[in-house]
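A structural walkthrough
So you can see what is in the structure, the chains are spelled out below.
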Amino acid sequence: MAVSAQLLVEELHIFGLECEEAVTEKLVELCILYGQNEEGMASELIAFCTSTRKDCLTLETLNSFEHEFLSKRLSRTWHGASKDRGHRHAGPRDIVSIQELIEVEEEEETLLNSYTTPSKGSQKRTITTPETPLTKRSVSARSPHQLLSPSSFSPSATPPQKYSSRSNRGEVVTSFGSAQGVSWSGSGGTSHLSLKVLGHPEPLTRSYKYMFQKLPDIREVLTCKIEELGSELKEHYKIEAFAPILVPAQEPVTLLGQIGCDSNGKLNHKSVILEGDLEHSSGTQIPVDLSELKEYSLFPGQVVVMEGINTTGRKLVATRLYEGVPLPFHQPDEEDGDSEQFMVLVACGPYTTSDSITFDPLLDLITIINRDRPDVCILFGPFLDAKHEQVESCLLTSSFEDVFKQCLRTIIEGTRSSGSHLIFVPSLRDVHHEPVYPQPPFSCSDLLREDKKRVRLVSEPCTLSINGVTFGLTSTDLLFHMGAEEISSSSGTSDRFSRILKHILTQRSYYPLYPPQEDVAIDYENFYLYAQLPVTPDIFIAPSELRYFVKDILGCVCVNPGRLTKGQVGGTFGRLYLRRQTAGSGGRQSPCAAAQVVRI
């Protein structure tokens, strides 16, 4: 195609850019090479200079423009065209490493070999046929550092300074159970593992339409929650009947309702109201006087049964607060695998430090997985954090989806030699994913057949059975959200973490707080279907910004493994050593033999 240098100069002059003759010649060459007209090339060049804050045109600027923008766009075009035609061929693409250049050459050679009759002695590889398919030798042999190239999506991919100079790597910061003598190495998935997602009534497996809910629908979900928990408490404590909230009574009455706040501010002991259920109280509200209660722990949205005196029908003086009742534990069956003991590693993002986008902590975690070969790795988002400075400032040169896929590919291919099963849980902070709660699983349609057996993409939240051991998984920071809203009075030494975790188990919900935090967008119709606890889990994993811990709450081992990074420094991850309880055995014993939280 004919390209006019004069037209290019005029287009750039409109935006106040002057260029030398050598730069103009290079631009003409780029127009011909990438099939662009003068106007289109000038527009894209202006956009590139604006985003990278370059105010003059030099040959160095054009080289960056070609490498960071034009070649990548052509690479994406090539990939899209190859999908449409249903076959692959060699063509130009963005080569970010020597290893990828080798792969391109091998691919071209494979294509040529398929059209020729090979002679003995000249054949470098085996022929690719349906009986002997092409192996993924070159892919699996690549190290994680070769798989993940931050320079391909960030112009300022500098290594994290404080993280690299840390001195406490591998330090065990808290332990649970009999951790002494545990080798902390698994079998790498060589033993048969049974992984099942438990639902209530079924698990969330795909995206759904949201932002269409109506206020009556939300009210119906909250009403159902009050009625269901009220029915369980009534049966457990042998309560004859619940009284209406606004009816005066001289005798003590028992009321069912939901805790709320009488204003838009934070809940305190003077602002507590009880919103009655629909059946007995028609949803009416009454202020609650807590002065007679010696011990209580309340938060907005909590379903409670209170006993007290309501002489005027305008205020309830509470004298007793009934304890919540957790669900029963899951009973293992004979189909729950044959491995008696196994190791689980849990880690939560962000997987980059706040001052870098190089994913060094993630690469270190992959090294640990390959070294210890845990049977199962549970990895929580965010994988590409919406709160990262380079993401918020839109400094990445690739789309969020592309960066996430590169990250996912690095984890899957980088841990292939370990054989560990991988479970990916999304987060509301994953910038490329749907920001709604409950959150559908990640989609990854290009998984290889050998990886499909060991990779499981689950929803947020999720209840998972691994060899009969039930895990409750959520990446939402429940401890932080509920800790900011809870009020309590206690004569004992119970800590806030224990109280909040007990609330989660007895309220039978992964997010019992109402109204939710501002950054949690809940779709209540799907919340009722997919965010309720079907059973009390044996292990409950709740990553949080707050301090790491491992606690036994009502027989459930609750773990906050912390986050893999904390600002510019390294964070922590968790590991658990589990023994499966055989079906039909005697009294229940916790399957968690030992647990530790370790610094990366």
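Remember, it's a predicted structure, so these values are computed and weren't measured experimentally. (Residues numbered from 1 in each chain as written. Predicted model: local features only at pLDDT ≥ 70, side-chain atom pairs only at ≥ 80, totals over all residues. Heavy atoms only, no water.)

Describing the overall build of the protein chain
From N to C terminus, the protein chain includes 17 helices and 22 strands. Relative to its 600 residues, the protein chain shows a buried fraction of 50%. For the protein chain, restricting intrachain contacts to residue pairs at least 6 apart in sequence, the fraction spanning at least 24 positions comes to 72%. Summed over its atoms, the accessible surface of the protein chain is roughly 28,900 Å², and 51% of this surface lies on carbon and sulfur atoms. (Helix = DSSP H or I, 4+ residues; strand = E, 2+ residues; numbered from the N terminus. Buried < 20%, exposed > 50% of the residue type's maximum accessible area, 1.4 Å probe, protein only. Contact = heavy atoms within 4.5 Å. Areas by Shrake-Rupley, 256 points an atom, 1.4 Å probe, with all protein chains shown as cover.)

Side note on the pattern of salt bridges
A complete count under the given rule lists 16 salt bridges for this structure. A salt bridge links Arg371 to Asp372, with the shortest nitrogen-to-oxygen separation between them at 2.8 Å. One salt bridge in this structure joins Asp495 and Lys551, with 3.5 Å as the shortest N-O distance. Pair noted here: Asp495 is in the loop between β15 (487–489) and α16 (496–507) and Lys551 is in strand β17 (residues 549–553), with a separation of 56 residues, a long-range link. Judged by its relative accessible area of 28%, Asp495 is partly exposed. (Salt bridge = Lys/Arg side-chain N within 4 Å of Asp/Glu carboxyl O.)

Brief notes about the side chain of Thr358
Here Thr358 lies in the loop between β9 (341–348) and α11 (360–372). Here Ser356 takes part through its side chain, which lies 2.9 Å from a polar atom of the side chain of Thr358. Setting aside anything within four residues of it in sequence, one finds Thr358 in contact with Leu148, Pro150, Ala157, Thr158, Pro159, Pro160 and Leu363. (Polar contact = N/O pair within 3.5 Å; in protein donor to acceptor, adjacent residues only side chain to side chain.)

Quick notes on the environment of Gly570
Along the chain, the position of Gly570 falls in strand β20 (residues 569–570). Assessed through its relative accessible area of 19%, Gly570 is described here as buried. Leave out the neighbours within four places in its chain, and Gly570 touches Tyr163, Leu564, Thr565 and Ile600.

As for the side chain of Gln596
Structurally, the position occupied by Gln596 is in strand β22 (residues 592–599). Since its relative accessible area comes to 9%, Gln596 is described here as buried. Side-chain polar atoms of Gln596 contact the side chain of Trp184, separated by 3.3 Å. Within the structure, the side chain of Gln596 is placed 2.7 Å from the side chain of Arg575, a separation counted as a polar contact. If we ignore the near neighbours within four places in the chain, the residues touching Gln596 are Val172, Thr174, Ser175, Ala179, Trp184, Phe573, Gly574 and Arg575.

Some points on the packing of α11 against helix α13 (residues 400–414)
Each pair of packed helices can be described by the angle between their axes along with the distance between the axes. It is the contact of α11 with α13, at a shortest axis distance of 10 Å, that shows an interaxial angle of 20°. Viewed along their axes, α11 and α13 adopt a mutual orientation that is roughly parallel. As for the relative orientation of α11 and α13, their crossing is right-handed in sense. When α11 is examined against α13, the residues Leu362, Leu363, Ile366 and Asn370 are found in contact with a partner set consisting of Cys407, Thr410, Ile411 and Gly414. (Axes fitted to C-alpha atoms, helices over the stretch in contact; angles between N-to-C directions. Parallel < 35°, antiparallel > 145°, perpendicular 65-115°, else oblique. Left-handed = near helix turned anticlockwise from the far one by under 90°.)

Some points on the sheet that holds strand β16 (residues 539–541)
One open sheet accounts for 6 strands, arranged β2-β13-β14-β16-β18-β17; its pairing is mixed. For this open sheet the edge positions go to β2 (195–198) and β17, each flanked by a neighbour on one side alone. Neighbouring strand axes in the sheet, compared pairwise and without regard to direction, differ in orientation by 25° on average. Here 5 bridges tie strand β13 (residues 462–466) to strand β14 (residues 469–473), and the two strands are oriented antiparallel to one another. By the bridge assignment for β14, Cys462 is matched with Leu473. Lying on the sheet, α16 is in contact with β16, β17 and β18 (556–560); it crosses β17 at an angle near 50°. (Pairing = 2+ DSSP bridges.)

Some remarks on helix α9 (residues 215–236)
With 22 residues, α9 extends 32 Å between its outermost C-alpha atoms, agreeing within 8% with the 32 Å of an ideal straight helix rising 1.5 Å per residue. Burial in α9 covers these residues: Ile218, Val221, Leu222, Thr223, Lys225, Ile226, Leu229, Gly230 and Leu233. Tucked into the core, α9 has its buried residues touching β3 (249–261), α10 (278–281), β7 (303–310), α16 and α17 (524–530). Following α9 by one or two positions, Lys238 has its phi on the positive side, about 55°. (Expected span 1.5 Å × (residues − 1).)

Quick look at the sheet that holds β22
The 7 strands lie next to each other as β1-β22-β21-β9-β10-β11-β12, forming an open sheet whose pairing is mixed. The open sheet has two free edges, formed respectively by β1 (172–177) and β12 (455–457), since each of these has just one partner strand. For this sheet, the mean inter-axis angle between neighbouring strands, taken without regard to orientation, is 15°. As paired elements, β1 and β22 share 5 bridges and run antiparallel to each other. Its bridge partner lying in β22, Val172 is registered against Val598. Taken strand by strand, α11 contacts β9, β10 (376–380) and β21 (572–579), and its axis lies near 175° from that of β9. Strands in contact with α13 are β10, β11 (421–425) and β12; relative to β11, the strand with the most contacts, it is inclined by about 160°.

A short note on the packing of aromatic side chains
The tally for this structure, following the rule as stated, stands at 15 aromatic pairs. Seen from their ring centres, Tyr208 and Tyr210 are 6.2 Å apart, and the 75° between their planes marks the pair as edge-to-face. Tyr210 gets classed as partly exposed once you look at its relative accessible area, which sits at 25%. Seen in terms of ring centroids, Tyr514 and Tyr524 are 5.8 Å apart; in terms of plane orientation they differ by 80°. Their pairing is edge-to-face. Pair noted here: Tyr514 is in the loop between α16 and α17 and Tyr524 is in helix α17, with a separation of 10 residues, a long-range link. An aromatic cluster is present here, built from Tyr351, Phe383, Phe404, Phe424 and Phe442 joined pairwise through their rings. For Arg166, the ring lying beneath its charged end belongs to Tyr163, and the centroid distance is 3.9 Å. Lys551 extends its terminal NZ or CZ atom over the ring of Phe549, reaching a point 5.8 Å from the ring centre. (Phe/Tyr/Trp six-rings, centres within 6.5 Å; stacked < 30°, edge-to-face > 60°. Lys NZ or Arg CZ within 6 Å of the ring centre and 35° of its normal.)

A short note on the nonpolar core
If you look at the biggest cluster of nonpolar residues, it comprises 35 residues, and the most contacted ones within it are Tyr351, Phe359, Leu365, Phe383, Ile411, Phe424 and Phe573. When neighbours within four sequence positions are excluded, Phe424 is seen to be in contact with Leu379, Phe383, Leu408, Ile411, Ile412, Phe442, Val455, Arg456, Leu457 and Val458. (Core = buried A, V, L, I, M, F, W, Y, C linked by side-chain atoms within 4.5 Å.)

Notes on the pairing of β21
In terms of residue burial, β21 counts as a mostly covered element, since 7 of its 8 residues are buried. Bridge analysis of β9 against β21 gives 6 bridges, and the strand direction is antiparallel. Bridge pairing links Val344 to Leu576 in β21. Across 7 bridges, β21 lies against β22 in antiparallel orientation. Along β22, the bridge assignment pairs Tyr577 with Ala594.

Here's the deal with the confidence of the model for the protein chain
Summing up the model confidence of the protein chain, the mean pLDDT is 85 and the portion of residues at 70 or higher is 85%. Mean pLDDT values over the elements of the protein chain span from 44, in helix α6 (residues 137–140), up to 98, in β16. Note that residues 85–97 has pLDDT below 50 and, in this model, 28 contacts with residues that lie over four places away or in other chains. Scored below 50 in pLDDT, residues 119–141 shows 19 contacts in the model against residues more than four places distant or in partner chains. (pLDDT = per-residue confidence, 0-100.)

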